Structures are given as C-alpha cells and as structure tokens.
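# Results of the structural survey
The residues making up each chain are set out below.
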Amino acid sequence: MRAKKRHILLALSSLFISSILYAQERPKVQPLNIKAEGQDTLQIYAKDVLTTVTDTTVTDTITKDTVKKPSYLQGIIDYKAKDYMRMSRKENKIYLYNEAEIYYQQYELKAGIIVIDYTTNEVYAGRIKDSTGEYTQTPYFKQGNNIIEPDSIRFNFDTKKALIFNSRSEQSIGETMNVFAETVKKENDSVYFLKEGKLTTSEDVDNPDYFIRIRKGKFVPNKKIIAGFSNMYIADVPTPIAVPFAYFPMSRDRRNSGIIMPTPGQTNRRGYSLQNGGYYFAISDYFDLALLGDYYTNGSYGFRTETNYAKRYKFRGALRFRYENNVTSQRGFPDYSQSTIYNIQWNHSQDAKASPNSRLSASVNFGSSKFYQSSLNQLNTPNFLNNTLQSSISYNKTFPGYPMVNLNSTVSIQQNTRDQSVNLTLPTFQGSMERIYPFAKRDGSKKGIFQNINFQYNFRAENRIRTRDTLLFKKEMFEDAKIGFQHTIPLTTNFKLFKFFSTSVGTNYNEVWQLKTIKRNDYDPVLDEATIDTLSGFQRYGTYNLNASVGTTLYGTFNFGEDKKIQAIRHTVRPSVSYGYTPAFDQYYDEYVDENGVQQMYTPFEGGIYGTPSLNNSNNIGLSLSNVVEAKVRDKDTTATEPKKVMLLNNLNFSTAYNIVADSLPWSPVRMSGGTQLFQNKMSVNFGATLDPYAIDNTGTRIDLFNYENGGSLFRMTSANMNVSYSINSKFFSSDKKDKEKTDNTRSGGRDDDLFGRAQDFSDERTFADEDEEETDEPTTAYAAKLPWDLRLAYSLTYSNRNRESEISNNSLMFSGNVDLTPQWKVGVSSGYDFKQKGFTYTQLRFSRDLKSFRLNFNWVPFSNRASWFFFIGIKSSMLSDLKWEKRSEPDRQL
C-alpha cells in the first residue's frame, strides 16, 4: 500500500514539475484544481495537457463537437476512495475504486468506481461487482436538492451536461413520484431528456404495482414532465389506457390547474349521466377556483362553482354555489316534470390577530328548501334528512376607551325544509355600552350597595320578514316586513346580606319604537267582521319593571376515607328566590266592539317584534334550585399525589314561579332539566321534564284545582325528553387516548359526523385527506387482537302528556361505526332505528380497500326510496387521480 502511495506521489510530482516548465513558456491560464483527501491542492494547467480530440461515437458521448478551446474548472474537486486512487499520466485520468466519492461545488457523486478525465473535464461513475458477482454501490448523483441513482453516469464539469443510464429519481412534491429512465440526457441544470421512462407513485420502487411508460419525454425537476405517446402498465402488463401526449405537473409551490374528470352513471328516469366533471384553476397562493358540472341525457343538468381563499394571519373561507335543472322522465309523458333548485354556501372566519377591534364572520347555507331532497348529485345524499338551513353573516366593531362601545350587525336566515317557510332578519343591529359605576373609582374595588350601583345601555333594531321560499326576492316578500327598535337601560346593584346571601336589586327601563301599528274597528255586520287597519308612522311605548333576587350556595361533603376507591362526594346546592314587579300600562290600550257586542281591549302595538306592553299588574316570585354532584376517587396512576375529581352530575335544576296578583292558576309549571357526562366524558346525557301542579278538564284545559285534589299525583308530567350521545373508539382502551378525527360532511352542507352517512366524492382527493394524514409508517401486517374501530350512538326520546294522551312522540336510535378489519380493509355503517314507527332509518354501508398504490371504495344504500350504490377504484395519488374507474346506481325516486 505504501508503494502505491509513493507511486502516486511521484506521478503527481512529475506532473507538477512539467506543468511549471510549460507555464514559463506560455501565457498563464486558469489552472485545473484537483484535491485528494488528506493532500494539498494540485494545480494542473488544462491548456498544456489538453489535446485536440474528435468524438466519433454517437450513443455513448455527450457531444459530437470537436474540442478546440481550452477548458478549465471553476472550483476544487475533493475526492476519496476506500481501496485505491490511481493517476494515469499517459491517459490523463484518475481512477477511484470502492466507495469512491467526488465533491465539486453543488455536485456530489458517489459510486463503486469513478474515473476523472482531466483532459475533457469529464467524470464517469458506475457499479462494481462484489464477491458473489452481484453489482453493488450504485452511483448516487446529487445536484442541489435533486438526486439521481443510475446504473452509470457520465458528467462534464464544463458544460454541466450528463449522460445517465438506468436512472432513478424521486420527486417529493407533497407526494412521492418515482421517475425511471433507461437513458437520460442532462441538457442543463433544469432540463433532462428521457428515453424509455417510467413514472409511478408506488412505494415498491423495484417492483411497482403500476407505472406509466414514456417513450420520449422532457423532464424539468420539481416542475413538469412533457411526454409523447404514453400508456399505463399494471403489474408489468400493458393496458389500453394511453394518450398520444401527456403533461405531468410536479410543482412544489401550489396545486396546479387541470381538468377534473367526470364520473359516469345511469338511471332509468334520466338516462346516462356525467357528474362532478370540470376544471380546477390554481389562480394564486391565496385562492383557487373549481368549475364543475353534471349532465343527464334526458336534459337534466347542474353546475357548481367552488373557491377557497386564505391569507395567513388575516382570514380564510370558502364559497360554493350549486344550481340544478332537474327533469324527470321525457317531455310528453304523464310523469314528466321540471324544476330548478340552488344552494349557496359561504364560510368565512377572521384571525383574531388581524384586527382586534373588528371582526367579520359568515356561516351561510341558503337555497331552495327542497335542495337536498331533490338534488341528483351524490355529494348531497346524506344531507337529505336536514330539516333546517341556517345562515348568518355578522360584523362586530368595538370602540375601546371609557365607556367601551360595541356595535354588531347581523343578517340571518332560517329555512324550514318541511313547510318551506323562511324567517329573515335584514338586518339586526345591536349596540351596547359597558357598565358604568358612577359611585366607584374605575380602578378601585367596589364595596357596598352604593359603590356597586351600575347602569348600562343596549340598543337593538330589526327588520324581520317571514315568507315562503317561493316568494324570495319578490316584492310580496316585503309586504309583511316588521321593523322595530328597542332601547334598554338596566340599573342594578348587588351586595351581601348576612355575609352568606348574595343579593341583587335593580330596575329596567324598556322603550320600543315601531313604524307600523294597527287599529281595530268595531264589528261591521255588513262585512261580518271587525276589520283591522294598518297604520304607517312612528309610534312608541315605554315600560319598566323592578326585580330583586337572593341566593346562596350550600356545600355538603360525605367522606368515605382515603383508603377507599371513592374517597368523598360533594353536593353543591344553589337555591335562589327572585321577585319581579311589572305595573299595568293600560294607557297604551284602546277598545273595540267584537262580533258579540262585547267591548275588548287591544293595543296598537300588537304583532310587533318586541311584544306588547302589559295590560295587568304582574307580581311574580320565582323559585329555582340547582344541584351539582362531584366525587373524589383514587387515581389509577400510583404516582399521583392528589385524588382525581369526577363530575357525577353536571347540573340538576328546578324552577317555578308564583304570581301573587293572579286570581287563578298562580303557580307556573315546574321545569326540571339536568345533564351529566359518563365514561370519561365519552357519553353525554341530557334530560328534562315539565311538571304541572294543576289538573285539566275533559277538554284538556287547565283548571284551578291541584292535581292531587283531583285524585292524581302531586305533579302531572306534561312533557319529558332525553338525549344520549356516545362516542368511543379502540384507542379508549389503549395507552394512546388521542381521538380520531371526526368525519366532516359540512363541505356539502351536512352534519360534522357520519350518523347520516358520508358524503363522498371518491374522485376528490380532499375526501381522503384526513385518512392519509392518519397513516403511519408501521409495517402493514395482519392484526392479531388489535382491530381499530370507532362507534357513535345518538338516542332521542320525547314524551307528551298535555291532554292525557300519554304517548311517546319520538323514540329513535342513530348509530354509526367503522372498523379496520385489516390494515387494508375498512368497513363502516351508518343507520338507525325508529322504535315508534318500527323501522330502520336511512342506512349506508361502506367498504374500503387499500391496494397500496390504488384505492377501492364501495358505498351501498340497501333500501328506502334513495337506494343506490357507488363503486370506485383508482390511484391514490392526487397527481394521477384521473386514472380511475367509477360506476354508480342512483335512486329512481319520485317526489
């Protein structure tokens, strides 16, 4: 080994002396710098050692041009090898063998063997054979962030061109795209030409599930691949899936614009169809746009536009518009019908840091009342059970200072999909001023009755409209509009009574303005009615009331001992007594004669937004009692020093009232409500009941006779309800307590869970975005006793007994569950059972199979008038998501 090193040093010394002698006779030029590991830099004047060389090869060379001009390197070459480094003065080459490495500027090259030709400034790298005759140490070529692993490579330091054989490159652009090619010609740092290439997203690089064969193509790393005739291979078998030319975007910056392939379908009433096809525009980093459409051969069609926008630390949101023209059967047939439906969704949220004193928010789901019931698009299937559509847009502005003023303007719409009624407030304006304590310092503590005296000002204005969706945006919609203004000034104080009783006393002044009032006329026998006139003009009324309340808190603790599992139970009781007085405001009332000739009282403010002034005095005493039950239990964690607190009963409340001046039925029904959380807050239980102390007659009218005096119990239960929700998964029983992400159908206007099924567009990569994020790098072996699963239950019970009917008006159970039978197989179901109607509710079965590079999905609604099924198989990668096959059977329903 020492002899080899000595031989190399003698060769380098000889070359160095020769270079100096030549340099004394010729003009100075840029030297060739070569640096071996552990040695000083060797400067060789390329002009002196370079000879004119003509390249006669065609297939194995980088250029055919004759080298006529002297070339030189622009930096130092660092190189090393494990076995030997040999320099050939005769060939003007340096040979590196076994674990050879070269570093030059931004280039890095590793291989089994490397040959440096400092005459042409070229380098060759290839594999070597091991003791078994197998090729090892594949070349590794890195330029910046781009990495290529070929069988062999030739690279020129001057022109930056390269010839690469059997290359393998991995493009990480959010997803991994593997690029293979038999021959690659590197034209410059950003352009490569491919011959006989393969593209795949398969994780198995050596034996991919599929690949796209490219005969010839142009490759721009991390940007695009432009290719000629290309076709798809599955398991090395060619398929007829081919295109004459292809474009593969590989941009790192953002999603690329492109065509969204539609999904075919067929129904008996509407013929063949294409759904959810269109074009996606990646307009900028701040927002995008998708234009989608549906078409049926019987003339039905629909289109959708969706855009998402966001600006970091400012705001984010999404806007969607959907329109459908639905045609049933064929024109001329008796069952022919045509209808149009639409839906608008807008969600907007503002970052709290963007503007602390102002905020704009929106949650809009507005459209035709029958949109979800009539829509033909598969995305709306699980949402047809929605009974209400709610929309709200609000802007809030705060003016800091003293006193601080807060202004809010809200536009809200509530639609009932059953009776098609629509309630709008266009708009609601609210203003409030913070509490002012006139007898206390702003920065000091407040003690006693006088220092706690405070007042506040609130203002509210509304333009309320109630109409039907068929009259929306028509002049008839505004005929019954109600406009009102309300001013409220509360004046209160609070203090302690006998140290333990919290007492508050106050008064409230309320003033209402109206722009429309009524006038009831006396009964007209000709018209056979008492007519009502509507008067336009400003009218007002003012009312006031007095109120007081006294409350305290009682604690009862039951200790069982620190050695017990349940160490203590604490019961917290908060009784409260309140008093309210409202005088009669008969000055705002007038008289008219009804059809029976009897004089009746009425107020011109009837039908107003904020009610009417009271005609009679009201002296009410309110009674309320709230209960909270907690427990201290021994923590399962033996290292914990304190017991664990567990809530046994979140609340149990009772409330009623007694009217002192009422001549009959002074007691109000007792309202009971409660709730608790069980099983580590996995189960939520809420219940309530109304208990009436009075009896009823044969017509169901309350009479001034207590129920027990009529032979009944102390109270008569008139209504009751209970709601139980339960959510659990397999992680609850393991050390990993992190819950799984909830299924979200809100993108299509539905619930945020899958109790009514899932709205899935298998072609849309966003459908599986959450699932892909949850995937781990654990080996995918068959489960032994570990089967990931999740379960959701929702039970609802309603009891009614207002007129001795004693019936269960609602008794239903909704459930949904998902289980991973294997790492590749997932099964889910969403359904429910109505115990009153004795039948299953909307049911959806889901099957999913992970085929490594592919995904298979099957959704099935087995019965009901929306019975249908969807089948999908396609590539998981969003870059190649258009390589798919879908088939669906939509429901043939007639509304």
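These figures come from a predicted structure and were not determined experimentally.

### Comments concerning the overall build of the chain
- Helix and strand counts for the chain stand at five helices and 54 strands.
- Per-residue burial over the chain gives 38% buried out of 895 residues.
- Once local pairs closer than 6 in sequence are excluded, the contacts in the chain between residues at least 24 apart make up 51%.
- When the accessible surface of the chain is split by element, carbon and sulfur atoms take 54% of a total near 50,500 Å².

### Topic: the environment of G561
- With respect to the secondary-structure elements, G561 resides in the loop between strand 36 (554-559) and strand 37 (566-582).
- In contact with G561, other than residues within four places in its own chain, are I566 and Q567.

### Examining the confidence of the model for the chain
- Across the chain, the average pLDDT comes to 82, with 83% of residues at or above 70.
- Note on residues 1-69: pLDDT is under 50 here. Beyond four places in sequence and across chains, it has 97 contacts.

### Examining the pattern of salt bridges
- If you walk through the whole model with that rule in mind, you get 19 salt bridges.
- The salt bridge partner of R127 is D151, with a shortest N-O separation of 3.7 Å. Pair noted here: R127 is in the loop between strand 7 (122-126) and strand 8 (128-129) and D151 is in the loop between strand 11 (146-148) and strand 12 (152-156), with a separation of 24 residues, a long-range link.
- Using a relative accessible area of 30% as the deciding quantity, one classes R127 as partly exposed.
- Between E630 and R570 there is a salt bridge, and its shortest N-O distance comes to 2.9 Å. On the criterion of sequence distance, the pair formed by E630 in strand 40 (residues 618-633) and R570 in strand 37 is long-range, its members being 60 residues apart.

### With respect to the nonpolar core
- Grouped together as the largest cluster of nonpolar side chains are 44 residues, with contacts concentrated most on L96, I102, I114 and L199.
- Discounting chain neighbours no more than four positions away, the residues touching I114 are I94, Y95, L96, A100, E101, I102, L109, V123, Y124 and A125.
- One finds V364, F366, V422 and L472 within the second-largest nonpolar core, a separate group that totals nine residues.

### A short note on unusual backbone geometry
- Looking along the chain, the bond that leaves Y402 and enters P403 is cis, with omega of -5°.
- Tracing the backbone through its elements, the reader meets P403 in the loop between strand 29 (388-399) and strand 30 (405-416).
- A positive phi is found at Q105, a non-glycine position, where the angle reads about 50°.
- Residue Q105 is classed as partly exposed on the basis of its relative accessible area, which comes to 46%.
- Phi angles above zero are rare outside glycine, and D528 is one such case at about 60°.

### Observations concerning the packing of aromatic side chains
- The final tally for this structure, using the stated rule, is 34 aromatic pairs.
- Ring geometry for F485 and W513: centres 6.3 Å apart, planes at 55°, overall tilted. Here the residue F485 occupies a position in strand 33 (residues 482-497), and W513 occupies one in strand 34 (residues 501-520), the gap between them amounting to 28 residues.
- On the basis of relative accessibility, which here comes to 23%, the residue F485 falls in the partly exposed class.
- Cluster of aromatic residues (ring-pair linked, three or more members): Y104, Y107, F141, F155 and F157.
- The ring of Y135 is capped by R127, whose NZ or CZ atom sits 4.3 Å from the centre of that ring.
- Sitting over the face of the ring of Y437, K446 holds its NZ or CZ atom 4.7 Å from the ring centroid.

### What about the environment of W789?
- The topology assignment puts W789 in strand 47 (residues 789-800).
- You can call W789 partly exposed: its relative accessible area is 29%.
- In the structure, W789 is positioned 30 residues away from V819 in sequence and 4.1 Å away in space, judged by C-alpha atoms.

### Quick look at the side chain of D117
- Looking at the element boundaries, D117 is found in strand 6 (residues 107-117).
- Salt bridges are absent for the buried D117, whose nearest opposite-charge side chain, K93, sits at 4.4 Å.
- The residues touching D117, leaving out its near neighbours within four places in the chain, are N92, K93 and E122.

### Details of the side chain of N857
- Within the secondary structure, N857 sits in strand 52 (residues 854-861).
- Judged by relative accessible area, which is 3%, N857 ranks as buried.
- Among the polar contacts listed, one links the side chain of N857 to the side chain of S848, at a separation of 3.5 Å.

### Digging into the pairing of strand 48 (residues 807-820)
- Looking at chain direction, strand 47 and strand 48 are connected through twelve bridges and run antiparallel. Bridged to L793 within strand 48 is F815.
- Between strand 47 and strand 48, which pair antiparallel one after the other, the connecting turn spans six residues, and R804 there sits at a positive phi close to 60°.
- With nine bridges connecting them, strand 48 and strand 49 (residues 825-834) associate as antiparallel partners. Considered in strand 49, the bridge of N818 is made with G828.
- With antiparallel pairing between neighbouring strands as the criterion, strand 48 and strand 49 make up a hairpin whose turn holds four residues.

### Brief notes about the pairing of strand 41 (residues 644-659)
- As paired strands, strand 40 and strand 41 are joined by 13 bridges and run antiparallel to one another. Considered in strand 41, the bridge of V629 is made with L649.
- Examined bridge by bridge, strand 41 and strand 42 (residues 670-678) share five bridges and lie antiparallel to one another. Residue pairing in the sheet places N653 in a bridge with S673 of strand 42.

### Brief notes about a positive patch on the surface
- A cluster of basic residues, K565, R634, K636 and K644, forms a positive patch on the protein surface.
- Locating R634 in the fold gives a position in the loop between strand 40 and strand 41.

### Side note on the environment of K519
- For K519, the position within the fold is in strand 34.
- Taking the relative accessible area as the measure of exposure, K519 reaches 38% and is therefore partly exposed.
- Each C-alpha atom of the pair K519 and T531 lies 8.5 Å from the other, and the pair is twelve residues apart in sequence.
- In this structure, K519 is in contact with T531, I532, D533, L535 and Y602, ignoring residues within four places of it in sequence.
- A polar contact of 3.2 Å, which involves the side chain of K519, links it to the side chain of N521.

Reading guide: rules and limits
- Residues numbered from 1 in each chain as written.
- Predicted model: local features only at pLDDT ≥ 70, side-chain atom pairs only at ≥ 80, totals over all residues.
- Heavy atoms only, no water.
- Helix = DSSP H or I, 4+ residues; strand = E, 2+ residues; numbered from the N terminus.
- Buried < 20%, exposed > 50% of the residue type's maximum accessible area, 1.4 Å probe, protein only.
- Contact = heavy atoms within 4.5 Å.
- Areas by Shrake-Rupley, 256 points an atom, 1.4 Å probe, with all protein chains shown as cover.
- pLDDT = per-residue confidence, 0-100.
- Salt bridge = Lys/Arg side-chain N within 4 Å of Asp/Glu carboxyl O.
- Core = buried A, V, L, I, M, F, W, Y, C linked by side-chain atoms within 4.5 Å.
- Phe/Tyr/Trp six-rings, centres within 6.5 Å; stacked < 30°, edge-to-face > 60°.
- Lys NZ or Arg CZ within 6 Å of the ring centre and 35° of its normal.
- Lys, Arg positive; Asp, Glu negative; His and termini not counted.
- Polar contact = N/O pair within 3.5 Å; in protein donor to acceptor, adjacent residues only side chain to side chain.
- Pairing = 2+ DSSP bridges.
- Patch = residues over 30% accessible without salt bridge, like charges linked within 9 Å, V, L, I, M, F, W, Y side chains within 5 Å.
- Charge placed at Lys NZ, Arg CZ, Asp CG, Glu CD.

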